[in-house]
Amino acid sequence: MKHSLKVVATAVVGSLAINGLVQAAGHQEGDFILRVGAAYVSPNDDSSNVLSDNDGVEVDGALGLGFSGTWMFADQWGFEILAALPFEHDIDGTGDLSGVSIGSVKHLPPTFSVQFYPDVQSDYFIPYFGLGLNYTTFTDEDTDSELEAALGSNDVDLDLDDSFGIAAQIGADWKISDDLYFNTSLWYMQIDTDADVKVDGVVATTVDVDIDPWVAMIGLSWKF
């Protein structure tokens, strides 16, 4: 009888220990995860015409510092806010404007996403997927002297509208220590804007620019 009780007790303790390990795997409800890293914005761009039927603009890629905070409101679900220091992009002409430097612009892409963390039962590899809304605001729109020369005026300005769009995400945390992880993440963001080209204070043309970038970030995650 005593032997049977020992076997049962051992089984119960073992079961509780295993269950505790399973419950401890991955990120849990109530956790807060801070992620910081180098972020590269690679536009998948397209635009309407600027001055003729055979021209347009393209937006160059940009590297910057990205960071995000995720609150786990359930064991497999989190809410993330993504932010960054301003990214600066050069804008160049295409087609008949090929080789013409249009100018530059800075943007901030705050993004709000709901994340799903699959039940992989691992504390060492934690993948996740996200879907949310991106808001992009543009600042410091500057024109280049080459565009001014093409338009025959020294008074040329760019004005880009803010943008709302869908954002999708995939990422993973790789455990380094109890609360420190190596992080890799990738977003696709829908960023569309209308760019007004003003000459001598008057809108000369409006260019529809679809930026729609891929954003890749590599960095570290801290769990609190």
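Throughout, residues of each chain are indexed from 1 in the direction in which the sequence is written. With pLDDT at 70 or above as the cut-off, local features in this predicted model cover only qualifying residues; side-chain atom pairs require 80 or more to be listed or tallied, and sums for whole chains, interfaces and linings still use all residues. To obtain the side-chain values, all non-hydrogen atoms of the structure were included, while hydrogens and water were left out.

Asks: Sorry, what's going on with the overall build of the chain here?
Replies: Of regular secondary structure, the chain possesses 2 helices and 15 strands. The rule is simple: take the accessible area with a 1.4 Å probe, protein chains only, and divide by the maximum for that residue type; under 20% is buried, over 50% is exposed, in between is partly exposed. Counting over 224 residues, the chain shows a buried share of 40%. Only heavy atoms enter the contact rule, under which two residues are in contact if any of them lie within 4.5 Å. Counting only contacts in the chain whose residues sit at least 6 apart along the sequence, the fraction spanning at least 24 positions is 69%. Element-wise, carbon and sulfur atoms account for 60% of the exposed surface of the chain, whose accessible area totals about 11600 Å². Under the DSSP-based scheme used, a helix requires at least four consecutive residues in state H or I and a strand at least two consecutive residues in state E, with every element numbered from the N terminus. With residues, only the protein chains shown are counted as cover, and all accessible areas are computed by Shrake-Rupley using a 1.4 Å probe.

Asks: Mind showing me how you'd approach the environment of Val209 here?
Replies: Summarising the element assignment, Val209 is placed in strand E14 (residues 202–210). Judged by its relative accessible area of 8%, Val209 is buried. The sequence separation of Val209 and Ser47 amounts to 162 residues, and the corresponding C-alpha distance is 4.3 Å. Discounting residues that sit within four places of it in the chain, Val209 has contacts with Asp46, Ser47, Val57, Val59, Ile191, Asp192, Thr193 and Ala195.

Asks: Any chance you could explain the packing of aromatic side chains here in plain terms?
Replies: Ring pairs (aromatic) are described by centroid distance and by the angle formed between their planes. The criterion for an aromatic pair is that two Phe, Tyr or Trp rings (for Trp, the six-membered ring) have centres within 6.5 Å, with stacked assigned to planes under 30 degrees apart, edge-to-face to planes over 60 apart and tilted to the rest. Per the stated rule, a full pass over the model turns up 7 aromatic pairs. Centroid distance Tyr135 to Phe164: 4.9 Å. Interplanar angle 40°. Geometry classified as tilted. On the criterion of sequence distance, the pair formed by Tyr135 in strand E9 (residues 125–143) and Phe164 in strand E11 (residues 163–175) is long-range, its members being 29 residues apart. Residue class for Phe164 comes out exposed when judged on its relative accessible area of 60%. The positively charged end of Lys175 is found above the aromatic ring belonging to Tyr124, 4.9 Å away from the centroid. Charge-over-ring placement is defined geometrically: NZ (Lys) or CZ (Arg) within 6 Å of the ring centre, and within 35 degrees of the ring normal.

Asks: Whenever I open this one, the side chain of Thr136 confuses me. Can you help?
Replies: Looking at the secondary structure, you find Thr136 in strand E9. Judged by relative accessible area, Thr136 falls into the buried class, the value being 0%. Two N or O atoms form a polar contact when they lie within 3.5 Å of each other; inside protein one atom must be a possible hydrogen donor and the other a possible acceptor, and for residues adjacent in sequence the pair counts only when both atoms belong to side chains. Here the side chain of Thr136 touches Asn134 through a polar contact of 2.8 Å, side chain to side chain. Not counting the four nearest positions on each side in its chain, Thr136 is found in contact with His107, Leu108, Pro109, Asp162, Ser163 and Ile191.

Asks: Quick question: what am I supposed to make of a negative patch on the surface here?
Replies: What makes a patch is a set of residues exposed beyond 30% relative accessible area and free of salt bridges, joined within 9 Å when like-charged and within 5 Å when nonpolar (Val, Leu, Ile, Met, Phe, Trp, Tyr). One side-chain nitrogen of Lys or Arg within 4 Å of one carboxyl oxygen of Asp or Glu is enough to make a salt bridge. In this tally, Asp and Glu contribute negative charge and Lys and Arg positive charge; neither His nor the terminal groups of the chain are included. Taken as the charge centre is NZ of Lys, CZ of Arg, CG of Asp or CD of Glu, depending on the residue. Together, Asp46, Asp161, Asp162, Asp192, Asp194 and Asp208 give the surface a local cluster of negative charge. The class for Asp162 is partly exposed, based on a relative accessible area of 38%.

Asks: Would you take a moment to explain the sheet that holds strand E13 (residues 192–199) for this structure?
Replies: Within a sheet, adjacent strands bond to each other through the backbone by hydrogen bonds, running parallel or antiparallel. Strands pair, by our definition, only if DSSP identifies at least two bridges between them. With respect to topology, 4 strands assemble into an open sheet ordered E2-E14-E13-E10, the strand pairing being antiparallel. Every other strand in the sheet has two partners, leaving strand E2 (46–47) and strand E10 (156–160) as the edge strands with one partner each. As defined by bridge partners, E2 adjoins E14 across 2 bridges and the pair is classed as antiparallel. Looking across to E14, one finds that Ser47 is bridged to Val209.

Asks: Help me out: how do you make sense of empty space enclosed by the protein in this one?
Replies: Any space left empty among the atoms is revealed by the rolling of a water-sized probe across them. Buriedness for pockets is judged along seven lines, at least five of which must meet protein on both sides within 12 Å for an open set on the 1 Å grid over protein atoms alone, while cavities are sets there where a 1.4 Å probe fits but cannot get out, and lining residues have an atom within 4 Å of a point. Grid points are joined across faces, edges and corners, and a volume is the space filled by probe spheres set on the points. One pass over the full model with this rule turns up 2 cavities of 30 Å³ or more. In this structure, the largest cavity spans a volume of roughly 220 Å³. Lining the largest cavity are 22 residues, and of these Val57, Ile91, Leu160, Ala195 and Val209 sit closest to its centre. Sorting the residues of the lining of the largest cavity by element identifies strand E3 (55–59), strand E6 (87–95), strand E7 (101–108), E9, E10, E13 and E14 as the ones contributing at least two each. Residue classes follow a fixed rule: Ala, Val, Leu, Ile, Met, Phe, Trp, Tyr, Cys and Pro count as nonpolar, while Asp, Glu, Lys and Arg count as charged, and any other residue, Gly among them, counts as polar. Its residues assigned to classes, the lining of the largest cavity comprises 18 nonpolar, 4 polar and no charged. Of the volumes computed, that of the second largest cavity is approximately 50 Å³. Elements that contribute at least two residues to the lining of the second largest cavity include exactly strand E1 (32–42), strand E5 (77–84) and strand E15 (214–223). If you tally residues by element for the lining of the second largest cavity, the top one is E5, at 3 residues. Across the lining of the second largest cavity, the residue classes tally to 9 nonpolar, 1 polar and no charged.

Asks: Would you explain the pattern of salt bridges in this entry?
Replies: Where charged atoms from two side chains of opposite charge come close, those side chains can pair. Counted by the stated rule, this structure contains 4 salt bridges. The shortest N-O distance in the salt bridge between Arg35 and Asp173 comes to 2.7 Å. In this pair, Arg35 sits in strand E1 while Asp173 sits in strand E11, placing the two residues 138 residues apart along the sequence. Of the charged contacts, one joins Asp159 and Lys198 as a salt bridge, the two residues approaching to 4.0 Å between their closest N and O atoms.

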